[in-house]
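Okay, here's what each chain looks like letter by letter:
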Amino acid sequence: MSQLQLDDIQGLIPHGYGRLGFASFVLLAVRDAESTKSWLKTLPIRDAGSRPSADDSCVNIAFSYSGLAELGLPESLLQGFAGEFREGMTGTEHRVRILGDHGPNAPEHWHWGGRYRPAVHILLLLYAGSEDSLARLKDDHLADSHSAGLEILTQLDTNRLPEHKEHFGFRDGVAQPAIAGLGANSVDDADGNTIAAGEFLLGYPNAYGQYTARPLLADGDAELDADNLLPPAPDETGMRDLGANGSYLVFRQLGQNVSAFWRYIADQSRRADGEVDLSACTRLAAKMVGRWPGGAPLTRSPDHDDPALSSDNDFLYHRSGDAIGLKCPIGAHIRRTNPRDSLEPQPGSDRSIEVGKRHRILRRGRTYGPALSLPLTAEDLINAEPDGRERGLHFLCFNTHIGRQFEFIQHTWVNNPKFDGLYEDDDPIIGGRGHRDMPGGVFTVQAEPVRTRVTDLPPFVEMKGGEYFFMPGIRAVEFIASLT
Amino acid sequence: MSHQSALTIIDEIKPDQVESLKTALGTIAAPGPLHDAIAFSALGNVHFARLVVFDQDRDLDGNPLPPKLALLTNFDGDVDAHIGAIAGTCGGGLDAVFSACVHYPEQAAVSAARREQYLRRHRVKEKALYVNRQGRTVSQILREKQLRDEIQRHLDAHPIASQSPAEVHRAIVSFVKDRSDLDWALEPEVGPSELWKRNELVHRWAGLALAVLLAPVFLISLPIFLLVLRYHEKRDVPDDSAASAESVRAFRADEDIWVHNQIIAVGVVKPGLFRRLLTEGMLKLTDYAARHIYNRGFLSGLNTIHFARWVPMDDDRRLFFSSNYDGSLESYMNDFIDKAAWGLNAIFSNGDGFPRTCFMFCGGITDEKAYKRFLPTRQVHSRVWYSAYPDLTTKNIANNAEIREGLSQTMSEAQAADWLLRLGVGNRLPASGFVARLLDSIRWDRICRNCS
Ligand code: HEM
C-alpha cells in the first residue's frame with residue numbers, strides 16, 4: 001500500500017483541525033483569472049505534514065467546477081472529473097430529487113450555491129486558534145480581494161459550541177472512518193472502521209482496490225505542466241495525475257430549527273397530566289440520533305447517558321446484539337448514515353462490513369450561529385423562546401466517489417423511507433419529509449412488546465446553500481496557479 | 001390463488017413512426033399523450049408493465065436491426081387468459097400504441113380476436129424469468145399493505161401499556177376480527193394451484209435428473225471447455241467507450257421517482273457458435289436456478305428484485321435484460337458488484353463489449369469503473385412503466401405477508417414476541433434454501449484474487 005504523501009495533501013482532509021476553534025469559509029468568484037492565479041501563488045496552503053498546534057493558523061482551498069474552468073483548466077482535463085462534480089449539486093433534476101432538495105429545501109431558496117445563485121468558484125477555508133488570528137488571516141489574504149481578481153460572495157462564519165456539541169445539544173464529530181496508512185492506522189481492516197485511503201484521496205487504491213477516475217494529463221501535453229508539478233499516475237503509465245492527493249468536498253449549509261425540534265419532542269413526551277416528561281424527551285431525542293447528548297452510543301448504553309462512553313465508537317449493530325433496533329432504532333441518524341454490519345448480504349458478517357466500507361465519508365463540518373440557550377440541555381432548549389436567529393451546521397465532507405459515498409448515504413439511507421426494512425420513516429434529524437407518495441416524517445422506535453412510533457415529524461433542518469468542490473493536492477494547486 | 005408469469009410482445013415499428021411514437025409515449029418523468037393509453041391497472045392482476053422502444057441499430061457485421069416496440073408485463077395467472085384480457089379490456093389502448101408497428105392489423109380490421117391473434121404471433125418467450133416470490137398476487141399484496149397500515153394506525157391510537165406479547169397479539173387479532181374490511185386476513189392465503197405446484201416439482205426433478213445424466217459428459221469435456229473459454233476470453237475486446245453525459249442524464253431523469261426503479265439493457269451476443277451455446281446454457285441454468293434455487297426472495301444474494309427477465313431478439317443475435325428493483329441504480333450496480341458479480345458475469349460476459357472476465361465468473365463487473373461506464377452504453381429507455389404498488393419494496397411485501405400469516409396462528413409468548421417485532425421493522429427475510437445459501441457463501445473475491 002502506498003504511503004500517503006502528506007506534504008501534498010491539504011491538512012483539513014486528514015487532520016480536521018479540531019484544535020483550531022475558529023474557522024471561516026469564504027465563497028469567492030473569480031473576476032480576473034490572471035490576478036487570481038498570482039494570488040493563488042502567494043497563498044500559504046497548509047499541508048498535512050504536521051498537525052497544527054493550538055495557536056496555528058491554516059489556509060486550505062477548494063474549487064468548484066466552474067471555478068476550474070474560469071481559471072483556464074483545459075477541457076481535456078475538466079472532462080476527467082467525476083460527473084457529479086461537473087454537473088454540480090443542483091446540476092440535474094435527478095440530483096435535486098435524490099438529495100431531497102425540494103419544498104423549503106429547493107435550490108430556488110438557497111442563499112448561495114446552485115444554479116439560481118451567482119456561481120461560486122473558490123472556497124477558501126480559514127482556521128485559527130483565536131478570533132484575532134482568524135481576523136488576521138482574512139486580512140492577509142482577502143483585504144485586497146479586488147487586486148486578487150476576486151469578488152467575495154459570502155463569508156460563512158462558524159461558532160464552536162461547548163463540548164463539541166451541535167445545536168440540538170448532541171455531541172458531534174465522534175465517529176469517523178480511520179484512513180488506512182495514515183499515521184498509526186493499520187492498512188488492514190480487521191476493525192471494520194479502517195477504510196482504504198482511495199475512498200477519501202484520489203490517486204490511491206479505493207475500497208474496490210481500484211484507482212477512482214480522475215483527470216490525468218498525457219505526457220504528450222507536458223507543455224501544460226512545464227515545471228513538472230504533477231506526480232506520475234500510479235495506475236497509468238505515461239500520465240500525470242491532477243487528482244493525486246485531492247478529494248471532493250461536499251458542502252451543505254444546513255439551518256437547524258432547534259425550537260421546532262425540542263418542542264416537537266416535548267409534545268410527544270407529555271405525561272397524562274400534560275406535564276413534559278424531561279427524561280422521556282431526552283430518551284426520544286437520543287433514539288432519533290442513536291447517541292445520547294453526551295455522545296454515548298445507544299447500542300452500548302441503551303438506558304442512560306454514560307460519560308465514559310462519550311467518544312465510544314467501538315460497536316457494530318448485529319454483532320453487538322442490536323439486530324432489530326431495540327437499543328439503537330433502525331431509523332436513527334447514526335444508524336442510517338453508517339449501518340456498520342447491518343447491510344446485505346448476511347448482516348453481521350464480514351462481507352456485510354466490507355459492503356459498508358464502500359459508503360463512508362470523512363466529516364469536517366462546523367456549527368454556526370449562537371446556541372439557542374446554553375448549556376444546551378433538553379430542559380433549556382425546550383424552555384427557551386424561539387429567537388429567530390440563524391444557526392445550524394456547515395456540513396462538509398470528503399469523498400472520492402460522490403455518487404457512491406455522499407449521494408448514496410443521502411439518498412439510499414437518509415432520505416429513503418424503506419431503509420433496512422422500514423416503511424415510511426426518513427431520517428428523523430435531517431430528513432426532508434413530504435415528497436410525492438413517500439411522505440416520510442414517521443419515526444419508529446423498535447421496542448418490546450411492540451414498537452412505539454411518532455408521526456407527522458416536521459423538518460428540523462433546512463438547506464441554506466451548497467455546492468460540490470474539489471480540494472486539490474498542493475502541487476495541483478500550484479499547477480492551476482501556473483496555467484497560462 | 002395463482003402463480004406469476006411474464007409476457008413479452010415485440011414487433012417492428014414502421015420506420016417513419018419511430019419518432020412520433022416516442023413523442024406520443026413520452027418518458028417516465030415526462031409522459032406524453034399516449035403514455036397511459038394501455039390501462040394496465042384495469043386488468044387488476046398486473047404487477048409491472050412497460051413499453052420500450054428499441055431504436056434502429058446494427059449487429060456486429062453491420063447489418064441493420066430494425067426499430068422495435070416491446071410490451072412487457074408481469075401478472076398473475078396464465079398467459080392465455082392474460083392475452084385475452086389485454087386484447088379485450090386494453091384493446092383501444094393497444095390499437096393506439098401498436099398501430100405504429102409493421103404487423104398490427106389495419107384499423108378497419110381490428111377486433112378483440114385479431115388483437116389476440118396478433119399478440120400470440122408476436123409473443124417472444126423469455127429465456128429466463130425471475131420472480132421474487134411465486135404465489136403472491138397483486139390483490140394479496142395490496143390487501144396486506146392495507147392490513148399492515150390499519151394495524152399500525154390502530155396501535156398509534158391505542159398505545160400498549162403493559163401487556164405480555166401474547167396478549168398484544170390477541171388484541172391485534174381481535175381488532176382485525178372486528179373490522180369487516182380486514183377480517184379476510186384471519187384466514188391464511190391460499191397458494192398457487194396444486195396443478196401448478198406439481199408441474200414445478202416435476203420440472204425441478206427433471207432438471208436434476210438431466211444434470212446427473214449429463215455430469216459425466218460435463219466433467220470429461222471440462223478441460224477442453226476451459227481451454228476454449230480462455231481462448232475466447234483473451235480475444236474479447238471490452239468496449240471502453242463511455243455514453244455521453246447527456247444520454248446518462250436522460251436515463252437518470254427517469255429514475256428515483258418511486259421506491260423502485262426499472263432497467264433495460266440490451267446487448268449483442270458475441271459472434272461464434274461457442275458463445276451462442278454458452279449463452280443458451282447459462283440462461284437455461286439461470287431460469288432453472290431462479291425457479292428452484294433462488295425462489296425465496298433472493299437472487300444470488302440480492303433481495304431487491306421484484307421481477308427480472310432475459311429475452312432474445314433478432315433471431316437470438318441480441319438479448320435484453322429487464323428488471324424491476326428497489327432503490328437507486330447506484331445501489332443496484334453496487335449490489336451487482338458486491339454480491340452477484342459471479343452470476344451476472346456468467347451470463348453477461350457473452351455480450352459484446354462486456355468488461356473482461358476471467359474463467360467466466362471472475363473479473364467482469366467487479367471492475368467497478370469499467371462496469372459503471374459500460375452499463376449506460378447498453379441501456380434502453382422504458383417509455384412507459386407501470387407498477388401496481390410503487391410504494392412497496394420486496395421487504396415490505398414479505399413482511400406484510402408474515403404479519404398477516406401471524407394473525408391465524410396461536411402463539412406462545414416467544415412466538416408472539418417475535419411476530420410483534422415485525423410491526424417495528426421488516427428487515428428479517430425468510431432464509432434462502434440450502435443450495436442458494438451454499439452458492440452465496442462462495443467467497444468469489446478470494447477465489448478470483450489472482451485471476452485476470
Ligand atoms: C444539521 C444536520 C446534522 C446534524 C445536527 C447531525 C448530527 C449528528 C450527530 C449528533 C451525530 C453523532 C455523533 C458522531 O458520531 O459524530 C452524527 C453522526 C453522523 N452524521 Fe450527522 N448530522 C447532521 C447532518 C448530517 C448529514 C447531512 C450527513 C450525511 C449525509 C451526516 C452524516 C453523519 C455520519 C456519517 C455520522 C456518523 C455515523 C457513524 O459512523 O456512526 N450527518 N450526526
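In this text the structure is predicted, and so the values were computed from the model without any measurement.

### Details of the overall build of chain B
Stage number 1. If you tally the helices and strands in chain B, you get 17 helices and 12 strands.
Stage number 2. Relative to a compact globule of 452 residues, whose C-alpha radius of gyration would be 22 Å, chain B shows 24 Å and is just as compact.
Stage number 3. If one aligns the C-alpha atoms of chain B with their principal axes, the spans along those axes are about 70 × 60 × 45 Å.
Stage number 4. For chain B, the residues scored as buried account for 54% of the 452 residues in total.
Stage number 5. Across chain B, contacts joining residues at least 24 apart in sequence account for 79% of those joining residues at least 6 apart.
Stage number 6. For chain B, the exposed surface amounts to about 19,500 Å²; the carbon and sulfur share of it is 58%.
Stage number 7. The average position of the 53 basic charges and that of the 55 acidic charges among the side chains of chain B differ by 5 Å.

### Topic: the overall build of chain A
Stage number 1. Helix and strand counts for chain A come out as 14 helices and 15 strands.
Stage number 2. The globule rule puts the C-alpha radius of gyration for 484 residues at 23 Å, and the 22 Å found for chain A is close to it.
Stage number 3. Along the first, second and third principal axes, the C-alpha set of chain A runs to 75 × 50 × 45 Å.
Stage number 4. The burial tally for chain A puts 63% of its 484 residues in the buried class.
Stage number 5. Counted over contacts in chain A with a minimum sequence separation of 6, partners at least 24 positions apart contribute 70%.
Stage number 6. Charge separation in chain A, taken as the distance between the mean sites of 48 positive and 67 negative side-chain charges, equals 4 Å.

### Some thoughts on the sheet that holds strand β5 (residues 68-76) of chain B
Paired through backbone hydrogen bonds, the strands of a sheet run either parallel or antiparallel to each other.
Residue and element names in this part refer to chain B.
Stage number 1. With antiparallel pairing, the four strands of this open sheet are ordered in space as β1-β5-β2-β12. The open sheet is flanked by β1 (4-12) and β12 (382-387), the only strands paired with a single partner. Direction aside, neighbouring strands of the sheet carry axes that sit 5° apart on average.
Stage number 2. Two strands pair when backbone bridges link them, and strand β2 (residues 46-54) and β5 are joined in this way by eight bridges, in the antiparallel orientation. In the strand pairing of β5, phenylalanine 48 is matched with asparagine 74.

### Details of the sheet that holds strand β8 (residues 305-313) of chain B
All names here are of chain B.
Stage number 1. Read from one edge to the other, the open sheet built from four strands follows the order β6-β8-β9-β7, with strand pairing classed as antiparallel. The sheet is open, and its two borders are formed by β6 (128-131) and β7 (260-268), each paired with just one other strand. Put simply, the sheet's adjacent strands are angled 10° from each other on average, direction ignored.
Stage number 2. As paired strands, β7 and strand β9 (residues 318-326) are joined by nine bridges and run antiparallel to one another. Within β9, the residue paired with isoleucine 264 across the bridge is serine 322.
Stage number 3. Its contacts with the sheet put helix α10 (residues 273-292) on β6, β8 and β9, and the angle it makes with β6 is roughly 25°.

### A short note on the interface of chain B and chain A
Stage number 1. If you look at the interface, chain B gives 49 residues, while chain A gives 49 residues.
Stage number 2. Buried area between chain B and chain A, both sides added, is near 4,000 Å², and the carbon and sulfur share of it is 51%.
Stage number 3. When residues of chain B are sorted by the area they lose upon contact with chain A, Asp338(B), Glu368(B) and Lys369(B) head the list and together hold 14% of the total.
Stage number 4. Here chain B and chain A share nine salt bridges between them.
Stage number 5. The salt bridge involving Glu87(A) is made with Arg249(B); its shortest N-O contact spans 2.8 Å.
Stage number 6. Scanning the region where chain B abuts chain A turns up 30 residue pairs in polar contact (both at pLDDT 80 or more).
Stage number 7. Breaking the side of chain B that touches chain A down by element, the ones donating at least two residues are α6 (138-157), α7 (165-178), α9 (245-253), α11 (329-339), α13 (368-378), α14 (394-407) and α15 (413-421) of chain B.
Stage number 8. The element contributing the most residues to the side of chain B that touches chain A is α11(B), with six residues.

### Here we look at the site of the ligand
Residue and element names in this part refer to chain A.
Stage number 1. Taken together, 25 residues surround the ligand, and among them Gly173, Val174, His333, Arg340 and Arg363 come closest.
Stage number 2. The contact in question runs from an oxygen atom of the ligand to an N or O atom on the backbone of glycine 173, over 2.9 Å.
Stage number 3. Between the ligand and histidine 333 there is a distance of 2.9 Å, counted from a nitrogen atom to a side-chain nitrogen or oxygen.
Stage number 4. Elements supplying a minimum of two residues to the shell around the ligand: β9 (247-256), α10 (333-337), β12 (392-399) and α13 (406-414).
Stage number 5. Looking at the shell around the ligand residue by residue, the classes come out as 13 nonpolar, six polar and six charged.

### Comments concerning the state of the cysteines
All names here are of chain B.
Stage number 1. This structure, assessed with the given rule, holds two disulfides over all chains.
Stage number 2. With its sulfur 1.7 Å from that of its partner, cysteine 358 forms a disulfide with cysteine 451. Across the S-S bond linking cysteine 358 and cysteine 451, the dihedral sits near -80°, which makes this disulfide left-handed. Of this pair, cysteine 358 sits in strand β10 (residues 357-358) while cysteine 451 is found in the segment after α17 (444-447), placing the two residues 93 residues apart along the sequence.
Stage number 3. Sequence-ordered numbering of the disulfide-bonded cysteines in chain B gives the connectivity 1-4, 2-3.
Stage number 4. In this model cysteine 90 remains outside any disulfide bridge; the closest cysteine sulfur is found in cysteine 101, 16 Å from its own.
Stage number 5. Given a relative accessible area of 3%, cysteine 90 falls into the buried group.

### Quick notes on the domain arrangement of chain B
Residue and element names in this part refer to chain B.
Stage number 1. Domain annotation for chain B reports domain 1 (4-133 + 193-387) and domain 2 (138-190 + 393-445).
Stage number 2. Summarising the inter-unit geometry, the C-alpha centres of domain 1 and domain 2 are found 33 Å apart.
Stage number 3. With 21 residues of domain 1 at the interface, the matching set in domain 2 holds 16 residues.
Stage number 4. Both faces considered, domain 1 and domain 2 share a buried interface measuring about 1,500 Å² in area, 66% of it formed by carbon and sulfur atoms.
Stage number 5. If you sort the residues of domain 1 by the area they bury against domain 2, Ile293, Arg296 and Trp342 come out on top, with a joint share of 32%.

### Re the pairing of β7(B)
Stage number 1. The buried count for β7(B) comes to nine of nine residues, which makes it a mostly enclosed element.
Stage number 2. Side chains His260(B), Gln262(B), Ile264(B), Val266(B) and Val268(B) project from β7(B) onto one buried face, and the interleaved Asn261(B), Ile263(B), Ala265(B) and Gly267(B) project onto a second face that is buried too.

### A look at the coordination of the iron atom of the ligand
Stage number 1. Within the protein, just one atom coordinates the iron atom of the ligand: His333(A) (NE2), at a distance of 2.1 Å.
Stage number 2. Position of His333(A) among the secondary structure elements: in helix α10.

### Describing the packing of aromatic side chains
Stage number 1. Here the structure, examined in full by the defined rule, presents 38 aromatic pairs over all chains.
Stage number 2. Ring centres 5.6 Å apart and planes at 80° place the aromatic pair Phe315(A) and Tyr317(A) in the edge-to-face group. The two residues Phe315(A) and Tyr317(A) agree in class, both being buried.
Stage number 3. By way of ring pairs, the aromatic residues Tyr17(A), Phe25(A), Trp112(A), Tyr127(A) and Phe251(A) are connected into one cluster.
Stage number 4. Looking at Arg143(B), its charged tip hangs above the ring of Trp184(B), at a distance of 4.8 Å from the centre.
Stage number 5. Directly above the ring of Tyr423(A) sits Arg148(B), whose terminal nitrogen or CZ lies 3.6 Å from the centroid.

### Focus on the environment of Pro14(A)
Residues and elements named next belong to chain A.
Stage number 1. Relative to the elements of secondary structure, proline 14 occurs in helix α1 (residues 12-15).
Stage number 2. On the basis of relative accessible area, proline 14 is assigned to the buried category, the value being 10%.
Stage number 3. Each C-alpha atom of the pair proline 14 and arginine 364 lies 9.7 Å from the other, and the pair is 350 residues apart in sequence.
Stage number 4. Ignoring anything within four residues of it in the chain, the contact list for proline 14 reads Ile9, Ala48, Ile179, Leu182 and Arg364.

### Observations concerning the nonpolar core
Stage number 1. Core analysis: the biggest nonpolar cluster contains 107 residues, and Trp39(A), Leu40(A), Ile61(A), Leu124(A), Trp262(A) and Met288(A) have the highest contact counts within it.
Stage number 2. In contact with Leu40(A), not counting residues within four places along its chain, are Ile61(A), Phe63(A), Leu71(A), Val477(A), Ile480(A) and Ala481(A).
Stage number 3. Core analysis: the next-biggest nonpolar cluster, separate from the first, contains 45 residues, Ile13(B), Val53(B), Leu119(B) and Ala388(B) among them.

### So, a nonpolar patch on the surface
Residues and elements named next belong to chain B.
Stage number 1. A contiguous nonpolar surface patch, about 410 Å² in accessible area, is contributed by Leu210, Leu213, Leu214 and Val217.
Stage number 2. With respect to the element layout, leucine 213 can be found in helix α8 (residues 194-235).
Stage number 3. We classify leucine 213 as exposed; its relative accessible area is 64%.

Each value, and the rule that gives it
- Per-chain numbering applies: the sequence of each chain, read as written, is numbered from 1 onward.
- For this description, chains carry letters from A and ligands carry numbers from 1, given in the order in which they are written.
- Predicted model: local features are reported for residues with pLDDT of at least 70 only, side-chain atom pairs are reported and counted for 80 or more only, and whole-chain, interface and lining totals are derived from all residues.
- Side-chain measures here rest on the full set of heavy atoms in the structure, leaving out hydrogens and waters.
- Numbering of helices and strands runs from the N terminus; a helix is a DSSP stretch of H or I covering at least four residues, while a strand is a stretch of E covering at least two.
- Note on method: radius of gyration uses C-alpha positions; expected globular size equals 2.2 Å times residues raised to 0.38.
- Type-normalised accessible area, obtained with a 1.4 Å probe on protein chains alone, sets the label of each residue: buried when under 20%, exposed when over 50%, and partly exposed for intermediate values.
- Residue contacts follow a heavy-atom distance rule, with two residues in contact if any of their heavy atoms lie within 4.5 Å.
- In this description, accessible areas are obtained by the Shrake-Rupley approach with a 1.4 Å probe, and a residue is regarded as covered only by the protein chains that are shown.
- When charges are tallied, Lys and Arg are placed among the positive residues and Asp and Glu among the negative ones, while His and the ends of the chain are skipped.
- Note that the charge is assigned to NZ on lysines, CZ on arginines, CG on aspartates and CD on glutamates.
- Criterion used throughout: strands pair if DSSP finds at least two bridges between them.
- Angles here are taken between N-to-C directions and fall from 0 to 180 degrees, while the axes themselves are lines fitted to C-alpha atoms, restricted in helices to the stretch in contact.
- By definition, the buried area sums, over both parts, the 1.4 Å-probe accessible area that each loses when the two are put together.
- Salt bridge, as used here: a side-chain nitrogen of Lys or Arg that lies within 4 Å of a carboxyl oxygen of Asp or Glu.
- Any pair of nitrogen or oxygen atoms within 3.5 Å is treated as a polar contact; in protein, a donor-acceptor pairing is required on top of that, and neighbouring residues in sequence qualify only through side-chain atoms on both sides.
- Only a single heavy atom is needed: when it lies within 4 Å of a molecule or strand, its residue is near that molecule or strand.
- The nonpolar class holds Ala, Val, Leu, Ile, Met, Phe, Trp, Tyr, Cys and Pro. Asp, Glu, Lys and Arg form the charged class, and all remaining residues, Gly among them, are polar.
- Here, the term disulfide refers to a pair of cysteine sulfur atoms separated by no more than 2.5 Å.
- What counts as a domain boundary in this text is fixed by an automatic or database domain assignment.
- Distances define the donors: N, O and S atoms within 2.8 Å of the metal qualify, as do those within 3.2 Å of Na, K or Ca. Water is excluded, so some sites may look unfinished.
- Two rings from Phe, Tyr or Trp (for Trp, the six-membered ring) form a pair when their centres are within 6.5 Å of each other. A pair whose planes differ by under 30 degrees is stacked, one over 60 is edge-to-face, and the rest are tilted.
- Lysine and arginine charges are scored as sitting over a ring when NZ or CZ, respectively, is within 6 Å of the ring centre and within 35 degrees of the ring normal.
- For our purposes a nonpolar core is just a set of buried Ala, Val, Leu, Ile, Met, Phe, Trp, Tyr and Cys residues, chained together by side-chain atoms within 4.5 Å.
- Here the term patch refers to residues with relative accessible area over 30% and no salt bridge, with like charges joined within 9 Å and nonpolar side chains (Val, Leu, Ile, Met, Phe, Trp, Tyr) within 5 Å.

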